[in-house]
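Each chain, written out:
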Amino acid sequence: MSDIDPLIRRELQWMALGVLENRDLSTLVIERVRKRRRKRILIVASMVISSILVASITYLAIDSISQRSSSSSSISSGAIGSTDENAIDANEIVGVISDYPITWEQSVGDVGAISKAAGLNDTLGGLTAIGLKVSWEQCSSGQCPTMWMLSLKNKTQDLISIAPSLMILSNNNPLVSNSRPTTVIPGETVLLVFSFPEFTEDLAVPKNASWQWNWFLTNPNP
């Protein structure tokens with residue numbers, strides 16, 4: 001009796017009690033056993049399918065969130081500045097690019113300086129100046145350098161947060177300076193834009209004046 005299928009054993013026990021006596025129970029017992037087995041198989045299959053569906057939906061949801069996060073991260077930590085295909089690449093500004101002569105001046109000329117004056121290829125605070133592009137506009141004295149783009153590269157293995165400043169001098173006399181706090185990850189290049197629209201307004205600059213520049217560091221948290 002111990003080797004008999006449990007379902008069949010139970011049916012035989014009912015037969016022994018005489019509940020369904022005087023009837024051919026073999027067909028009935030086999031059919032009931034088959035129905036119960038099919039029911040169990042369907043229940044197990046439903047549970048497996050449900051588990052697979054839940055796992056698939058969960059995976060798709062997590063993957064979608066991950067892709068959005070990755071996309072957002074790539075935008076925020078990718079190319080510096082505009083993603084416009086016509087935008088200036090900081091790595092393409094190498095050397096001095098200017099339509100008119102400019103020279104370097106070693107005098108800082110700013111009371112907020114916390115470093116010496118630097119020029120092209122000089123390094124301050126871990127950032128190295130690799131390029132400078134100057135844009136000129138018409139002013140009362142002729143042409144004035146109203147926009148300066150300084151390309152600085154982090155050649156160290158550390159994250160650098162400093163405040164580079166650009167000083168503009170005319171006839172070796174300090175005119176204006178401006179600061180641009182920035183953070184640069186290792187190996188990356190940042191393009192700092194300094195604009196001086198006052199050159200085309202009320203700032204008096206002698207005709208045929210010579211132009212000088214330098215860059216230095218200031219306190220990022222004055």
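Everything quoted here is computed from the prediction, not taken from an experiment. (Residues numbered from 1 in each chain as written. Predicted model: local features only at pLDDT ≥ 70, side-chain atom pairs only at ≥ 80, totals over all residues. Heavy atoms only, no water.)

## Overview of the side chain of Q212
So, step 1. Relative to the helices and strands, Q212 is located in strand 10 (residues 211-218).
So, step 2. On the accessibility criterion, Q212 (3% relative accessible area) is buried.
So, step 3. There is a polar contact of 2.9 Å between the side chain of Q212 and the side chain of S210. (Helix = DSSP H or I, 4+ residues; strand = E, 2+ residues; numbered from the N terminus. Buried < 20%, exposed > 50% of the residue type's maximum accessible area, 1.4 Å probe, protein only. Polar contact = N/O pair within 3.5 Å; in protein donor to acceptor, adjacent residues only side chain to side chain.)

## Details of the side chain of T182
So, step 1. Relative to the elements of secondary structure, T182 occurs in strand 8 (residues 182-184).
So, step 2. On the accessibility criterion, T182 (12% relative accessible area) is buried.
So, step 3. In contact with T182, not counting residues within four places along its chain, are L127, I160, S161, I162, P164, V190 and L192. (Contact = heavy atoms within 4.5 Å.)

## Quick look at the nonpolar core
So, step 1. Core analysis: the largest hydrophobic core is formed by 30 residues, its most contacted members being W148 and W215.
So, step 2. Elements with a minimum of two residues in this core: strand 4 (127-139), strand 5 (142-154), strand 6 (160-170), strand 9 (189-195) and strand 10.
So, step 3. Top element by residues in this core is strand 4. It accounts for six residues.
So, step 4. If you look at the next biggest cluster of nonpolar residues, it comprises five residues, including V108, A117, L169 and F216. (Core = buried A, V, L, I, M, F, W, Y, C linked by side-chain atoms within 4.5 Å.)

## Section: the state of the cysteines
So, step 1. Across all of its chains, the model carries one disulfide by this definition.
So, step 2. Each disulfide pairs two cysteine sulfurs, and for C139 the partner residue is C144, the sulfurs being separated by 1.8 Å. Measuring the twist about the S-S bond at about 60°, one finds the C139-C144 disulfide to be right-handed. Comparing C139 with C144, the two get one shared label, buried. (Disulfide = S-S within 2.5 Å.)

## Some remarks on a nonpolar patch on the surface
So, step 1. Side chains of V44, V48 and I52 sit close together on the surface and give an oily, nonpolar patch of about 260 Å² of accessible area.
So, step 2. As for its position among the elements, V48 is in helix 2 (residues 25-77). (Patch = residues over 30% accessible without salt bridge, like charges linked within 9 Å, V, L, I, M, F, W, Y side chains within 5 Å. Areas by Shrake-Rupley, 256 points an atom, 1.4 Å probe, with all protein chains shown as cover. Salt bridge = Lys/Arg side-chain N within 4 Å of Asp/Glu carboxyl O.)

## Brief notes about unusual backbone geometry
So, step 1. Backbone geometry places N121, a non-glycine residue, at a positive phi of 75°.
So, step 2. In this structure, N172 is a non-glycine residue whose phi angle is positive, near 65°.

## Observations regarding the UniProt feature "transmembrane region" (unreviewed entry) in the protein
So, step 1. As recorded in UniProt, the feature "transmembrane region" (unreviewed entry) lies at residues 41-62.
So, step 2. Structurally, residues 41-62 comprises 100% helix and 0% strand, and the distance from its first C-alpha atom to its last is 32 Å. (UniProt positions renumbered as here; feature names shortened; annotations may be inferred.)

## Things to note about the environment of C139
So, step 1. Within the element layout of this structure, C139 appears in strand 4.
So, step 2. The class of C139 is buried, set by a relative accessible area of 8%.
So, step 3. The spatial distance from the C-alpha of C139 to the C-alpha of K207 is 9.7 Å, given a sequence separation of 68 residues.
So, step 4. Apart from residues lying up to four places away in sequence, C139 is in contact with C144, F199 and T200.

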